[in-house]
Amino acid sequence: MRRISAPVRENWKKRVEDIGFGFHTINGTYWDESAYYSFTNEQIEVLESTTSELFDRCLDAVQYVIDNQLYHLFKIAPRFIPLIEKSWNEEHPSIYARFDLVYDGVHPPKMLEFNADTPTSLYEASAVQWYWLEDVEPGADQFNSIHEKLTDYWRHLKSYLNEGKLYFTCLNDNQEDLTTVEYLRDCAIQAGLDTGFIYLEDLGWNSLSNQFVDIEERPITNIFKLYPWEWLIRDEFGGNILLDRSNTLWIEPAWKMVLSNKAILPILWQLFPNHPNLLASYFDNSNLKYDYVKKPILSREGENVSIVKNGSLIASTEGNYGSEGFIFQEYCPLPQFKGNYPVIGSWVIGCEPAGIGIRETNTLITDNLSRFIPHVISKY
Amino acid sequence: MKKSKAVKLVLVASIAISCSDHHPDKSDNRLYVRGDSASNYTSHPSYWHGGGYFWFHPYGYYSWNGGYRHSGYESPHFSSRASAHVSRGGFGSSGFRVGS
């Protein structure tokens, strides 16, 4: 695994905008092609098999949480437990998820966390870095079959859907979220699904028929939402999900409430202690006295994270999370490449590893200012 | 080995990147909801499946006469006279950005 500096394409902004990528610059550079990471085939195989292994273990962990009714550790409101269990027992499908991994090309990858419910940076990983590769090194290879797998998986999911359109929704006024959702919808359309879009704020609730409705007040029976479950059930309409006469199929499914919560990390460690791809994690720091990372069980974009080394706080971020509690994870420093710290985002589409996207920072904690760096598989 | 050639066949172009904020505007009993909404919900060209040509256009597109049209949706039914038993706005209050 190497970080290689590279000249940016002279017309790079136009090139990425031409393919529908509008948020290449967010508070500075977001899409950064001034460097790329190069992997060997063997390293890619390691990332692929690790992702597959971790996904299987995560599914084991969900079953364990359900079997042992451990929802209190996740601070999940009891009235939503039947919804979670129904979605799990009926195998409501998941379309995508992303593991964040520490990997230096030498040691086994370690799972930092699992973005199981609302992962973003999908379009960058699937299409933008692919077009970059076509421009700068045509004929070269990349760990990236995200696009085909998304299309194939939507096609596969046809039989799981209820009658009616598959709607897609996200928050209004956010370019990044809209791009992610529209890209997913693009893939669904190519898979032959009948789709619609509605902003989350426009979703209607018909209190006469007890159904969610679209703009024309037609019942919604299938919906992909780019909005976290913990927010969904907290909102005013959250309780209506339990009353919904249409039994709307929500994608991602409600069982992702378990996997997207960082309380899953201590559960995984308890189930699979010393697993080579897991970091020791606990609900308190008594086992990790001097070196640990403290993370809120519910948080986004690296907010409210603290790193303690040798008993001293060496890095921390601010934010609005933490009221539900924290977990403590063994500190595993990110590899450093000339002052840059990459995190590997390894995508799962359906149940299969599908590719990677790399986020890079100059700090120890990957936050919303991190850059997206493309990658290649080296020929040598 | 891991190549993703299909991407090239299906994602052809999206021109504009603006994400301007158009506030709802009532006219002729219709409520026009933002200009930068998603693609072919109502008045938008269909995807052309037959020729293998697809158009990824999350923010809008240039029409045949060169003018730019924000993607969006409008509906004669989504108005201030909508059914009394349908309420909206019950989702979306817990955050403004999802990124993770």
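Residue indices begin from 1 for each chain and proceed along its sequence in written order. Written order determines the labels here, with chains lettered from A and ligands numbered from 1. This being a predicted model, a pLDDT of at least 70 is required before a residue's local features are given, and a value of 80 or more before pairs of side-chain atoms are given or counted; all residues contribute to the totals for chains, interfaces and linings. Only heavy atoms go into the side-chain values, all of them from the structure, while hydrogens and water stay out.

Further remarks concern the overall build of chain A. A run of H or I in DSSP becomes a helix once it reaches four residues, and a run of E becomes a strand once it reaches two; helices and strands are each numbered from the N terminus. Looking only at helices and strands, one finds 10 helices and 19 strands in chain A. In this setup the radius of gyration rests on C-alpha atoms only. A globule is expected at 2.2 Å times the number of residues raised to 0.38. Over its C-alpha trace chain A gives a radius of gyration of 21 Å, about what one expects of a compact globule, namely 21 Å for 380 residues. Its C-alpha atoms give chain A principal-axis dimensions of roughly 60 × 50 × 35 Å. Only protein chains enter the accessibility calculation, which uses a 1.4 Å probe; a residue whose area is less than 20% of its type maximum is buried, one above 50% is exposed, and one in between is partly exposed. Across the 380 residues of chain A, 65% fall into the buried class. It only takes one pair of heavy atoms within 4.5 Å for two residues to be counted as in contact. In chain A, the share of contacts with a sequence separation of at least 24, taken over all contacts with a separation of at least 6, comes to 71%.

Quick look at the overall build of chain B now. The secondary structure content of chain B amounts to 1 helix and 6 strands. Reading the secondary structure of chain B in the N-to-C direction produces α-β-β-β-β-β-β. Counting all 100 residues of chain B, 43% fall into the buried class. Taking as baseline every contact in chain B between residues at least 6 positions apart, the subset at least 24 positions apart corresponds to 60%.

Residue and element names in this part refer to chain A. Among the 9 residues of strand S16 (residues 341-349), 9 are classified as buried, and the element is accordingly described as predominantly covered. Pairing analysis gives 6 bridges linking strand S3 (residues 96-102) to S16, with the strands arranged antiparallel. Each bridged residue has a counterpart across the sheet, and for Phe-99 the counterpart in S16 is Ser-346. Strands are labelled as partners when DSSP assigns at least two bridges between them. Here 9 bridges tie S16 to strand S17 (residues 352-361), and the two strands are oriented antiparallel to one another. Bridge assignment links Val-348 to a residue of S17, and that residue is Pro-353. From the end of S16 to the start of S17, which pair antiparallel, there are 2 residues, and Gly-350 there has a positive phi angle of about 65°.

Our focus in this paragraph is helix H2 (residues 41-67) of chain A. Take the residue count of a helix, subtract one, and multiply by 1.5 Å to get its expected span. The terminal C-alpha atoms of H2 of chain A lie 39 Å apart, and with 27 residues this matches the ideal 39 Å at 1.5 Å per residue to within 8%. Among the residues trailing H2 of chain A, Gln-69 of chain A stands out with phi positive, at a value near 50°.

A few words on the sheet that holds strand S12 (residues 292-296) of chain A. Residue and element names in this part refer to chain A. An order of S11-S15-S12-S13-S14 is seen for the 5 strands of this open sheet, with the pairing classed as antiparallel. Two strands lie at the open edges of the sheet, namely strand S11 (281-282) and strand S14 (312-316), each paired on one side alone. Bridge analysis of S11 against strand S15 (residues 326-330) gives 2 bridges, and the strand direction is antiparallel. By the bridge assignment for S15, Ser-281 is matched with Gln-329.

For the rest of this paragraph, the subject is the sheet that holds strand S8 (residues 211-213) of chain A. Taking strand neighbours across the sheet as the criterion, the 3 strands line up as S8(A)-S7(A)-S6(B) in an open arrangement whose pairing is antiparallel. One side of each edge strand has no neighbouring strand; the edge strands of this open sheet are S8 of chain A together with strand S6 (86-88) of chain B. Averaged over neighbouring strand pairs, the angle between their axes works out to 30° when direction is ignored. Here strand S7 (residues 204-206) of chain A pairs with S6 of chain B via 3 bridges, running antiparallel. Following the sheet pairing, Trp-205 of chain A is matched in S6 of chain B by Ser-87 of chain B. The convention used is that axes are lines fitted to C-alpha atoms, helices contributing only their stretch in contact, and that angles between N-to-C directions extend from 0 to 180 degrees.

Residues and elements named next belong to chain A. For Thr-50, the location among the structural elements is in helix H2. Residue classification places Thr-50 among the buried positions, given a relative accessible area of 5%. Whenever two N or O atoms come within 3.5 Å, that pair is a polar contact, provided that in protein one can donate a hydrogen and the other can accept it, and provided that, for residues adjacent in sequence, both atoms are side-chain atoms. Engagement of the side chain of Thr-50 in a polar contact is seen with the backbone oxygen of Val-46, the distance being 2.7 Å. Once you skip the residues sitting within four places of it in the chain, Thr-50 turns out to touch Pro-109 and Asn-277.

Attention now moves to the nonpolar core. Counting 126 residues, the largest nonpolar core has Phe-39, Met-111, Trp-154, Phe-224 and Ile-264 of chain A as the members making the most contacts within it. Setting aside chain neighbours within four positions, we find Trp-154 of chain A in contact with Ile-95, Leu-166, Phe-168, Leu-184, Cys-187, Ala-188, Ala-191, Leu-193, Phe-224 and Ile-251 of chain A. By convention a nonpolar core is built from buried Ala, Val, Leu, Ile, Met, Phe, Trp, Tyr and Cys residues, the set being connected through side-chain atoms within 4.5 Å.

Here we come to unusual backbone geometry. All names here are of chain A. With an omega of -5°, the peptide bond running from Ile-251 to Glu-252 counts as cis. Relative to the helices and strands, Glu-252 is located in the loop between strand S10 (249-251) and helix H9 (256-259). Unlike most non-glycine residues, Asn-304 shows phi in positive territory, near 60°. Looking at where Asn-304 falls in the secondary structure, it is placed in the loop between S12 and strand S13 (306-309). With relative accessibility at 14%, the residue Asn-304 sits in the buried group.

This part covers the packing of helix H5 (residues 146-157) of chain A against helix H6 (residues 175-190) of chain A. Residues and elements named next belong to chain A. Axis separation between H5 and H6 bottoms out at 8 Å; the angle between their running directions is 60°. Comparing the axis directions of H5 and H6 gives the class oblique. Here H5 and H6 pass one another in a crossing that is right-handed. Residues His-147, Leu-150, Thr-151, Trp-154 and Arg-155 of H5 lie in contact with H6, whose contacting residues are Tyr-183, Leu-184, Cys-187, Ala-188 and Gln-190. Each residue is assigned to one class: nonpolar for Ala, Val, Leu, Ile, Met, Phe, Trp, Tyr, Cys and Pro, charged for Asp, Glu, Lys and Arg, and polar for all the others, Gly among them. A class-by-class count of the residues in the contact of H5 with H6 yields 6 nonpolar, 3 polar and 1 charged. Just so you know how the angles are binned, under 35 degrees is roughly parallel, over 145 roughly antiparallel, 65 to 115 roughly perpendicular, and the rest oblique. By definition, turning the near helix anticlockwise from the far helix through less than a right angle yields a left-handed crossing, and turning it clockwise yields a right-handed one.

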